[in-house]
Amino acid sequence: MNRVYFDYNATWPRDHKAYQSLIAVLHLAQDNNLKDSKSYSLTEIANILGCHALELLVTSGGTEGNNILIQTLFHYHFPQKRHFITTSVEHPSILKTAQYIKKNGGEVTFLTVDQHGALDLNQLKKSIRDDTFLVSAMYANNETGVLFPVHAIASICKEHRVEFHTDAVQVLGKLPFSFHELSATYTVISGHKIGAPMGFGFLYAQNNSNFSNMATTKMKSFFDNQIIEKQKYLQLFLQIYKERLKDLDQEKDRLSQIQTSFIQWLKQTFQYIVIFG
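Calculation notes
- Throughout this document, residue positions are counted from 1 along each chain, in the order its sequence is written.
- Confidence filtering applies because this is a predicted model: local features only for residues at pLDDT of at least 70, side-chain atom pairs given and counted only at 80 or more, and all residues used for totals across whole chains, interfaces and linings.
- Values reported for side chains reflect all heavy atoms of the structure, with hydrogen atoms and water molecules removed beforehand.
- Helix and strand assignments follow DSSP, with helices taken as H or I runs no shorter than four residues and strands as E runs no shorter than two, numbered in order from the N terminus.
- Accessible area is worked out with a 1.4 Å probe on protein chains only. A residue is then buried under 20% of its type maximum, exposed over 50%, and partly exposed in between.
- Here, two residues are considered to be in contact whenever any of their heavy atoms come within 4.5 Å of each other.
- In the analysis that follows, any N or O atom pair within 3.5 Å is treated as a polar contact, provided that within protein one partner can donate a hydrogen and the other can accept it, and provided that, for residues neighboring in sequence, both atoms belong to side chains.
- When charges are counted, Lys and Arg are positive and Asp and Glu negative, with His and the chain ends excluded.
- We count a salt bridge whenever a side-chain nitrogen from Lys or Arg sits within 4 Å of a carboxyl oxygen from Asp or Glu.
- Like charges within 9 Å and nonpolar side chains (Val, Leu, Ile, Met, Phe, Trp, Tyr) within 5 Å are joined into patches, using only residues over 30% in relative accessible area that form no salt bridge.
- Note on areas: Shrake-Rupley with a 1.4 Å probe; residue coverage comes only from the protein chains shown.
- Any two strands between which DSSP finds at least two bridges are classified as paired.
- Only C-alpha atoms enter the line fits that serve as axes; for helices the fit covers just the stretch in contact. Angles between N-to-C directions range over 0 to 180 degrees.
- The pairing test for Phe, Tyr and Trp rings, Trp by its six-membered ring, is centres within 6.5 Å, and the orientation test on the planes gives stacked under 30 degrees, edge-to-face over 60, and tilted for anything in between.

Enquirer: How do you make sense of the environment of Leu147 when you look at a structure like this?
Expert: Looking at the secondary structure, you find Leu147 in the loop between strand S4 (132-136) and helix H7 (150-159). Among the residues examined, Leu147 registers a relative accessible area of 49% and is labelled partly exposed. For the pair Leu147 and Gly117, spaced 30 residues apart in the sequence, the C-alpha separation amounts to 8.8 Å. Here Leu147 is in contact with Tyr139, Ala140 and Leu175, once residues within four sequence places are set aside.

Put into structure tokens, the structure is as follows:
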């Protein structure tokens with residue numbers, strides 16, 4: 001029986017061809033050369049993702065990246081700045097962190113979306129206060145697929161001198177991507193969304209951001225150790241992402257055709273449907 005897998009937003013099926021290369025990486029580990037190769041791998045990944053190697057922190061995935069960043073910034077700024085802005089449709093890792101902030105003396109504003117899943121940027125502008133320490137809005141929604149105008153949000157935050165974080169987990173490997181072009185202060189991505197192993201991702205922290213400036217020696221040591229421990233994932237991620245980039249335009253056209261055909265079928269089959277986005 002043929003199996004059809006639909007939920008690529010949850011996780012991308014393993015790239016078995018790329019996993020074969022993991023054997024060679026494990027041999028490298030036995031030769032104890034991983035520590036020497038960590039700088040090269042991270043630099044190459046940074047180049048292909050559009051940032052500097054020093055701006056990349058290796059995490060266990062999107063949830064850890066979101067949690068570490070937001071909670072650390074909250075405690076760093078508290079009590080002078082205690083206001084956090086996010087949307088009502090974020091990933092649970094953001095929404096649960098928002099509840100953590102509220103329970104620990106902070107204040108949270110949840111931006112709402114309309115019937116199409118879109119944000120009202122005027123609501124964002126009105127919500128920013130003098131004590132706002134961070135705005136967080138995902139790039140693409142994991143359930144509806146709606147894209148938020150992250151470049152416009154980044155511009156608004158820059159104008160109001162507030163740092164901006166985006167969860168870009170759902171975009172990697174599906175749309176052209178560059179950390180610097182995205183213009184967010186912080187961005188989180190996860191490896192398993194493109195077929196790399198679970199338990200691996202990146203937190204991008206812009207140079208001279210509050211997070212990068214406040215990072216303690218202990219924290220920097222933790223992230224450096226993450227690079228060494230996950231070296232095999234770094235090399236595997238690099239190989240898989242390069243393959244995704246080769247097929248990006250072709251895959252985008254293919255999915256667009258499928259989307260058009262599917263929507264036409266829905267409209268012909270059902271009297272009333274709502275399309276988000």
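Enquirer: Explanation requested: unusual backbone geometry in the structure shown.
Expert: Peptide bonds are mostly trans, and most non-glycine residues show a negative phi. With an omega of 5°, the peptide bond running from Phe78 to Pro79 counts as cis. Here Pro79 shows up in the loop between helix H4 (62-77) and strand S2 (83-87). Its identity as a non-glycine residue notwithstanding, Ser183 has a phi of 70°, on the positive side. One can find Ser183 in the loop between helix H8 (179-182) and strand S6 (186-190).

Enquirer: It is not clear to me how the side chain of Ser127 should be interpreted in this structure. Could you clarify?
Expert: Position of Ser127 relative to the elements: it lies in helix H6 (residues 121-127). Within the structure, Ser127 has its side chain in polar contact with the backbone oxygen of Gln123 (distance 2.7 Å). With near-sequence residues (within four places) excluded, Ser127 lies in contact with His83, Ile85, Thr109, Leu111 and Thr132.

Enquirer: Would you take a moment to explain the side chain of Asp167 for this structure?
Expert: With respect to the secondary-structure elements, Asp167 resides in strand S5 (residues 164-167). One buried charged residue, Asp167, forms no salt bridge at all, with the nearest opposite charge on Lys193 at 8.2 Å. For Asp167, the side chain forms a polar contact with the side chain of Asn66, separated by 3.2 Å. Polar contacts involving the side chain of Asp167 include one to the main-chain amide nitrogen of Val169, which spans 3.1 Å. Dropping the residues within four chain positions of it, Asp167 is found in contact with Asn66, His91, Ala137, Met138, Tyr139, Ala140 and Val188.

Enquirer: Even after reading the chapter, I still don't get a nonpolar patch on the surface, so can you show me in this structure?
Expert: Taken together, the side chains of Phe262, Trp265 and Phe270 make up a nonpolar region of the molecular surface, amounting to roughly 340 Å² of accessible area. Mapped onto the elements of the fold, Phe262 is located in helix H12 (residues 248-269).

Enquirer: When you look at the pattern of salt bridges in this model, what are you seeing that I'm missing?
Expert: Proximity of charged atoms lets side chains of opposite charge pair with each other. All chains considered together, the criterion is met by 5 salt bridges. Among the salt bridges present, the one from Asp131 reaches Arg129, with a minimum N-O distance of 2.9 Å. Under the relative-accessibility criterion, Arg129 is labelled partly exposed at 31%. Two residues, Glu251 and Arg254, come together in a salt bridge whose shortest N-O distance is 2.7 Å. Of this pair, Glu251 and Arg254 both sit in helix H12, 3 residues apart, which is roughly one turn of the helix. One salt-bridge network, in which partners are shared between bridges, spans Glu107, Arg129 and Asp131.

Enquirer: What am I meant to see in the sheet that holds strand S1 (residues 56-59) here?
Expert: Strand pairing in a sheet is mediated by backbone hydrogen bonds. Such pairs are either parallel or antiparallel. The 7 strands are arranged S1-S7-S6-S5-S4-S2-S3 in an open sheet whose pairing can be described as mixed. The outermost strands of the open sheet, each flanked by one partner alone, are S1 and strand S3 (107-111). Adjacent strand axes in the sheet meet at a mean angle of 20° when their direction is disregarded. Two elements, S2 and S3, share 5 bridges in a ladder whose sense is parallel. Directly across from Ile85, in S3, lies its bridge partner Thr109.

Enquirer: Got a minute to help me understand the packing of aromatic side chains in this structure?
Expert: The description of an aromatic ring pair rests on the distance of the ring centres and on the angle between the ring planes. Scanning the model with the defined rule gives 13 aromatic pairs in all. Their ring planes at 55° and their centres at 5.3 Å tell us that Phe74 and Phe78 sit as a pair that is tilted. Using a relative accessible area of 0% as the deciding quantity, one classes Phe74 as buried. Following the ring pairs from residue to residue traces out a cluster consisting of Phe200, Phe202, Tyr233, Phe237 and Tyr241.

Enquirer: Before we go on, may I ask you to explain the pairing of S6 in this structure?
Expert: Within a regular strand, the side chains alternate between the two sheet faces. Across the 5 residues of S6, 5 count as buried, placing the element largely inside the fold. With burial as the criterion, each face of S6 is covered, one bearing Tyr186, Val188 and Ser190 and the other bearing Thr187 and Ile189. Sheet topology places S5 next to S6; 3 bridges connect them, and they run parallel. Residue pairing in the sheet places Thr166 in a bridge with Thr187 of S6. One ladder, built from 5 bridges, connects S6 with strand S7 (residues 201-205); its direction is antiparallel. Within the sheet, the bridge partner assigned to Tyr186 lies in S7 and is Ala205.

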